[in-house]
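The residues making up each chain are set out below.
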Amino acid sequence: GQQLNQSPQSMFIQEGEDVSMNCTSSSIFNTWLWYKQDPGEGPVLLIALYKAGELTSNGRLTAQFGITRKDSFLNISASIPSDVGIYFCAGPGGYTGTASKLTFGTGTRLQVTL
Amino acid sequence: ETGVTQSPTHLIKTRGQQVTLRCSSQSGHNTVSWYQQALGQGPQFIFQYYREEENGRGNFPPRFSGLQFPNYSSELNVNALELDDSALYLCASSLASVLYGYTFGSGTRLTVV
């Protein structure tokens, strides 16, 4: 089945630093989604990418759809304490029946120190 | 506009018991998906309901079943609970015409002892 591997698994950074994380797939994706999950909450969509090479920003967040269509990258500039959480990449998990499902990555846990 | 509401937020069950988890979808959404998130893992797709019928299922055994009601709310039922069923169960609602436009609830934390 499809697998999404994220790196790094976790990172500790200081407030104000820039953050980079990536996600690689064993197969080609035509959509990449980036989610953030806070403790005790469900994932919240940050950025959606639909085209190879696409670069999309959402405030301090920038994500890119890799040209091989097997990877994606998320950057956070000038991190702040509320950036703490787990970041997941996700992509279409194919169709089972007529359902559209998401396949999630393994997650990158971000901790920000003051 | 209300978001996705799940109940209960936490519960503890004994191995072999049955459990029902509930989800109220976001206003205007007609599709509900359920995901299981084990500790330290990403969510895994269980199944999806549209127009009160299951229209797709992930790699979960038949003891995981669900319902969707005319108001688009949904239930997830798990029979013969096993210790490995301990996880955060997430409900996500969407509009069928908006691909991957999911809104997730905060989840139900199930602990099986």
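All figures in this text were calculated on a predicted structure; none of them were measured in a lab.

Draft legend 1. Structural detail: the pattern of salt bridges. All names here are of chain B. Using the criterion set out here, one finds 6 salt bridges over all chains in the structure. Its salt-bridge partner being glutamate 75, residue arginine 22 comes within 3.5 Å of it at the nearest N-O pair. Of this pair, arginine 22 sits in strand E3 (residues 19-24) while glutamate 75 is found in strand E8 (residues 74-78), placing the two residues 53 residues apart along the sequence. You can call glutamate 75 buried: its relative accessible area is 15%. A salt bridge links glutamate 54 to arginine 57; the shortest N-O distance between them is 3.1 Å. What makes arginine 57 partly exposed here is its relative accessible area of 24%. Salt bridges linked by common partners bring Arg63, Glu82 and Asp85 together as one network.

Draft legend 2. Focus on the packing of aromatic side chains. Residues and elements named next belong to chain B. If you walk through the whole model with that rule in mind, you get 13 aromatic pairs over all chains. When the centroid spacing of 6.4 Å and the interplanar angle of 75° are considered together, the rings of tyrosine 35 and tyrosine 102 count as edge-to-face. Here the residue tyrosine 35 occupies a position in strand E4 (residues 31-37), and tyrosine 102 occupies one in the loop between strand E9 (87-94) and strand E10 (103-104), the gap between them amounting to 67 residues. Relative accessible area serves as the criterion here: at 0%, tyrosine 35 is assigned to the buried category.

Draft legend 3. Seen up close, the state of the cysteines. Tallied over the full model, the rule gives 2 disulfides over all chains. Through a disulfide, Cys23(A) is tied to Cys89(A); the S-S separation comes to 1.9 Å. Judged by the torsion about the S-S bond (55°), the Cys23(A)/Cys89(A) disulfide is right-handed. Of this pair, Cys23(A) sits in strand E3 (residues 19-25) while Cys89(A) sits in strand E9 (residues 85-96), and the two are 66 residues apart along the sequence. Each sulfur in the disulfide pair Cys23(B) and Cys91(B) lies 1.9 Å from the other. Residues Cys23(B) and Cys91(B) are joined through a disulfide that is left-handed, its torsion about the S-S bond being -65°. Within this pair, whereas Cys23(B) is found in strand E3, its partner Cys91(B) is found in strand E9, the two being separated by 68 residues in sequence. Neither Cys23(B) nor Cys91(B) differs from the other in exposure class; each is buried.

Draft legend 4. Seen up close, the sheet that holds E3(A). Residues and elements named next belong to chain A. Across the sheet, which stays open at both edges, the 5 strands sit in the order E1-E3-E8-E7-E6 with antiparallel pairing between neighbours. Pairing within the sheet leaves two strands with one partner each, and these edge strands are strand E1 (4-7) and strand E6 (55-58). Across the sheet, the axes of successive neighbouring strands diverge by a mean angle of 15°, strand direction being ignored. As paired strands, E3 and strand E8 (residues 71-76) are joined by 6 bridges and run antiparallel to one another. Note that in E8 the partner of cysteine 23 across the bridge is serine 72.

Cut-offs applied
Residues numbered from 1 in each chain as written. Chains lettered and ligands numbered in written order. Predicted model: local features only at pLDDT ≥ 70, side-chain atom pairs only at ≥ 80, totals over all residues. Heavy atoms only, no water. Salt bridge = Lys/Arg side-chain N within 4 Å of Asp/Glu carboxyl O. Helix = DSSP H or I, 4+ residues; strand = E, 2+ residues; numbered from the N terminus. Buried < 20%, exposed > 50% of the residue type's maximum accessible area, 1.4 Å probe, protein only. Phe/Tyr/Trp six-rings, centres within 6.5 Å; stacked < 30°, edge-to-face > 60°. Disulfide = S-S within 2.5 Å. Pairing = 2+ DSSP bridges. Axes fitted to C-alpha atoms, helices over the stretch in contact; angles between N-to-C directions.

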